[in-house]
Amino acid sequence: QPRKCVLTAITLTTAVFLGTAAMAADLPKEGTFNGSWFGSGEGKATPVGKEMLLSPFEQNALTIGNGLVDHLTWHCSGLYEMTKGMAEHRGYCVATDPAGDQFAGNFASDGKYAADAKSYSGAVTFIGGTGKYAGISGGFKYVGHAPEFRAAAEGAFVEYITLEGSYKLP
């Protein structure tokens, strides 16, 4: 019995190692992708007078889709600014894949949008990565749908985003 367990453990370890190596090797040097982002976060709103609101925020999310963004988890931080009913946002995100490799990007809305709009758009630009993502460039356009959902707690938000983009590796 112990010999059978050792053989099974070696076989399983080899399969996991080769499977992980195959997944890393399967990432083409460049490509296109699309997917869906599901996230939630919290912000701390600070009124500035009667017509301005600043809210730094933290968000965790996951993406599923085709290509690069499939099965990633994300951590983002940024700033939401609203002045006279018009909003904009910007910040940074780090994506992590199941193997632990990461890449980062900065994001920004496409200018100002009505704070009560049902959707908004923006873009992410990749700025660097680790492991298989070292030297990554590219990014994606997104359409966000945060205002369509009511958050479960004060100061929290939830959103889904549709995204489409491309990347290049050295």
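Structural notes, computed from the coordinates.

Inspection of the secondary structure puts Gln-59 in strand 3 (residues 52-66). Given a relative accessible area of 4%, Gln-59 falls into the buried group. A polar contact of 2.6 Å, which involves the side chain of Gln-59, links it to the side chain of Glu-159. Those residues in contact with Gln-59 that sit more than four places away from it in its chain are Trp-37, Gly-39, Ser-40, Gly-41, Trp-74, His-75, Cys-76, Phe-157 and Glu-159.

Summed over the entire model, instances satisfying the criterion amount to five salt bridges. With its nearest N and O atoms 3.5 Å apart, the salt bridge here joins Lys-112 to Glu-88. With Lys-112 in the loop between strand 6 (102-109) and strand 7 (113-114) and Glu-88 in strand 5 (residues 86-96), this pair connects stretches of sequence that are 24 residues apart. Across the salt bridge formed by Asp-97 and Lys-132, the nearest N and O atoms sit 2.9 Å from each other. Taken together, the positions of Asp-97 in the loop between strand 5 and strand 6 and Lys-132 in the loop between strand 8 (120-129) and strand 9 (137-144) put the pair 35 residues apart, joining distant regions of the chain. Here Asp-97 falls in the buried class, since its relative accessible area comes to 8%. Here the residues in one salt-bridge network are Asp-97, Asp-101 and Lys-132, joined through shared partners.

All right, on to the nonpolar core then. Membership of the largest hydrophobic core comes to 28 residues, with the highest contact counts inside it found for Leu-68, Trp-74, Phe-103 and Phe-126. Contributing elements (two or more residues each) for this core: strand 1 (30-43), strand 3, strand 4 (72-83), strand 5, strand 6, strand 8, strand 9 and strand 10 (156-168). The contacts of Leu-68, once residues within four sequence positions are left out, are Leu-27, Phe-33, Phe-103, Phe-126, Tyr-133, Ile-136 and Tyr-167.

Counted according to the given criterion, the structure contains one disulfide. Paired by a disulfide, Cys-76 and Cys-93 hold their sulfur atoms 2.0 Å apart. Linking Cys-76 and Cys-93, the disulfide has an S-S dihedral of approximately 110° and is accordingly described as right-handed. Of this pair, Cys-76 sits in strand 4 while Cys-93 sits in strand 5, and the two are 17 residues apart along the sequence. Classification of Cys-76 as buried rests on a relative accessible area of 1%.

The volume enclosed by the largest pocket comes to roughly 940 Å³. Taken together, 32 residues make up the lining of the largest pocket; nearest its centre are Tyr-80, Ala-146, Pro-147, Ala-156 and Phe-157. Within the residue set of the lining of the largest pocket, elements represented by two or more residues are strand 1, strand 3, strand 4, strand 5, strand 8, strand 9 and strand 10. Sort the elements by how many residues they give to the lining of the largest pocket and strand 10 lands first, with five residues.

To continue, consider the packing of aromatic side chains. The final tally for this structure, using the stated rule, is 14 aromatic pairs. Ring centres of Tyr-113 and Tyr-120 lie 5.2 Å apart, and the angle between their planes is 25°; this geometry places the pair in the stacked category. Assigned by exposure class, Tyr-113 and Tyr-120 land together as buried. Ring plane angle 80° and centroid distance 5.6 Å describe the contact between Phe-149 and Tyr-160, whose orientation is recorded as edge-to-face. Taken as a pair, Phe-149 in the loop between strand 9 and strand 10 and Tyr-160 in strand 10 lie far apart in primary sequence, eleven residues in all. The exposure class assigned to Phe-149 is partly exposed, which follows from its relative accessible area of 42%.

What counts and how
Residues numbered from 1 in each chain as written. Predicted model: local features only at pLDDT ≥ 70, side-chain atom pairs only at ≥ 80, totals over all residues. Heavy atoms only, no water. Helix = DSSP H or I, 4+ residues; strand = E, 2+ residues; numbered from the N terminus. Buried < 20%, exposed > 50% of the residue type's maximum accessible area, 1.4 Å probe, protein only. Polar contact = N/O pair within 3.5 Å; in protein donor to acceptor, adjacent residues only side chain to side chain. Contact = heavy atoms within 4.5 Å. Salt bridge = Lys/Arg side-chain N within 4 Å of Asp/Glu carboxyl O. Core = buried A, V, L, I, M, F, W, Y, C linked by side-chain atoms within 4.5 Å. Disulfide = S-S within 2.5 Å. 1 Å grid on protein atoms, 1.4 Å probe; cavity = no way out; pocket = protein on both sides within 12 Å on 5 of 7 lines; lining within 4 Å. Points joined across faces, edges and corners; volume = space filled by probe spheres on them. Phe/Tyr/Trp six-rings, centres within 6.5 Å; stacked < 30°, edge-to-face > 60°.

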